[in-house]
Amino acid sequence: MSTTRILGVDPGLTRCGVGVIDAANTRKVALVHVETIRSGADEELSSRILTIGARIEELIKQHKPQALALERVFAQANLRSVMGVAQISGVVLFLAAKYKLPLRMHTPSEVKAAVTGSGRAQKAQIGSAVARILGLDEIPQPADSADALAIAITSAWRGGSASSSTSGQPTAAQSAWAAAERASKRK
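So, a few notes on the structure that sits alongside this text. As the structure is a computational prediction, the values presented were derived from the model and not from experiment.

Let us look at the sheet that holds strand β3 (residues 29-38). The sheet built from five strands is open, its strands ordered β3-β2-β1-β4-β5 with mixed pairing. Here the strands that pair on one side only, and so sit at the sheet edges, are β3 and β5 (103-106). Direction aside, neighbouring strands of the sheet carry axes that sit 20° apart on average. Note that strand β1 (residues 3-10) and strand β4 (residues 67-71) share four bridges and pair parallel. In the strand pairing of β4, Val9 is matched with Leu70. With respect to the sheet, helix α1 (residues 45-63) is in contact with β1, β2 (15-24), β3 and β4, its orientation differing from that of β3 by roughly 160°.

As judged from the nine bridges shared by β2 and β3, these two strands associate in the antiparallel manner. The residue of β3 that forms the bridge with Asp22 is Ala30. The loop that links β2 with its antiparallel partner β3 comprises four residues; one of these, Arg27, has a positive phi angle of about 75°.

It is worth spelling out α1 at this point. Since the α-helix packs 3.6 residues into each turn, any two residues three or four apart lie on the same face. Helix length check: α1, at 19 residues, gives a terminal C-alpha distance of 27 Å against a target of 27 Å (1.5 Å per residue), a fit within 8%. Among all positions of α1, only Arg48, Ile52, Gly53, Ile56, Glu57, Leu59, Ile60 and His63 are buried. Along the axis of α1, the buried positions cluster into a sector of 155°, meaning they face one direction only. Facing away from the buried surface of α1 by more than 90 degrees, the exposed residues are Ser46, Leu50 and Gln62. Remark: Lys64 follows α1 within two positions and exhibits a positive phi of approximately 50°.

This brings us to the nonpolar core. Considering soluble globular proteins, one finds that nonpolar side chains tend to be buried as a cluster. Leu7, Cys16, Ile56 and Leu68 are the most contacted members of the largest nonpolar core, which has 21 residues in total. Residue contributions to this core peak at five residues, all from helix α2 (residues 79-98). In contact with Leu68, other than residues within four places in its own chain, are Leu7, Ile60, Val92, Ala96, Leu101, Pro102, Leu103 and Arg104.

A negative phi angle is the norm for most residues apart from glycine, just as the trans form is the norm for most peptide bonds. A cis amide bond, omega -10°, links Gln141 with the succeeding residue Pro142. Topologically, Pro142 is positioned in the loop between α4 (123-134) and α5 (143-158). You will see that Arg27, though not glycine, has its phi angle at about 75°, which is positive. Position of Arg27 among the secondary structure elements: in the loop between β2 and β3. Under the relative-accessibility criterion, Arg27 is labelled partly exposed at 48%.

Applying the stated rule across the entire model yields six salt bridges. The partner of Arg5 in a salt bridge is Asp22, with the nearest N and O atoms 2.7 Å apart. Residue Arg5 is located in strand β1, and its partner Asp22 is located in strand β2; the two are separated by 17 residues in the primary sequence. With its nearest N and O atoms 2.3 Å apart, the salt bridge here joins Lys123 to Asp147.

Scanning the model with the defined rule gives zero aromatic pairs in all. In this structure, Arg27 is placed above the aromatic ring of Trp157, and the distance from its NZ or CZ to the ring centre is 4.0 Å.

Reading the values: the criteria
- Residues numbered from 1 in each chain as written.
- Predicted model: local features only at pLDDT ≥ 70, side-chain atom pairs only at ≥ 80, totals over all residues.
- Heavy atoms only, no water.
- Pairing = 2+ DSSP bridges.
- Helix = DSSP H or I, 4+ residues; strand = E, 2+ residues; numbered from the N terminus.
- Axes fitted to C-alpha atoms, helices over the stretch in contact; angles between N-to-C directions.
- Contact = heavy atoms within 4.5 Å.
- Expected span 1.5 Å × (residues − 1).
- Buried < 20%, exposed > 50% of the residue type's maximum accessible area, 1.4 Å probe, protein only.
- Arc of directions from axis to C-beta.
- Core = buried A, V, L, I, M, F, W, Y, C linked by side-chain atoms within 4.5 Å.
- Salt bridge = Lys/Arg side-chain N within 4 Å of Asp/Glu carboxyl O.
- Phe/Tyr/Trp six-rings, centres within 6.5 Å; stacked < 30°, edge-to-face > 60°.
- Lys NZ or Arg CZ within 6 Å of the ring centre and 35° of its normal.

Set out below in structure tokens:
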């Protein structure tokens, strides 16, 4: 039975969840490491990005994942929040390229559906599902940690990439993302 080590990232500038799992080809997953990396809102932006990026890089060196999994930046009403998510996502993209690690990106609804069976699950349901799947006595806290593990589990169970879903057809969110990327390249 072969296993794959996956490092999942729930990107955020104030709180960035990071979870490492070992995934067997039997869909069995095991917790290796979980934490939430924090940076202070009063710190300089470059320092905050350095803090989070350096810690993720340390975890890559320490745990030697064979793949990275990242929650795809998703449009939100709060521009400040989406910018922080995008900035940390950029750091993860850089680290994936630097360490030549495959990067799988998953939408929030894809992650929710993979671990709970519903693409509309609430935070508490995700945490409970992650604890149950990994056989943990307690839900990883804060929710960013549980979310990072959910992203890694989704990657283990569904694979995927920036442009495909498990059916081979892009989801509506993935299609919209690809269209926006094409439009930005034409400018």
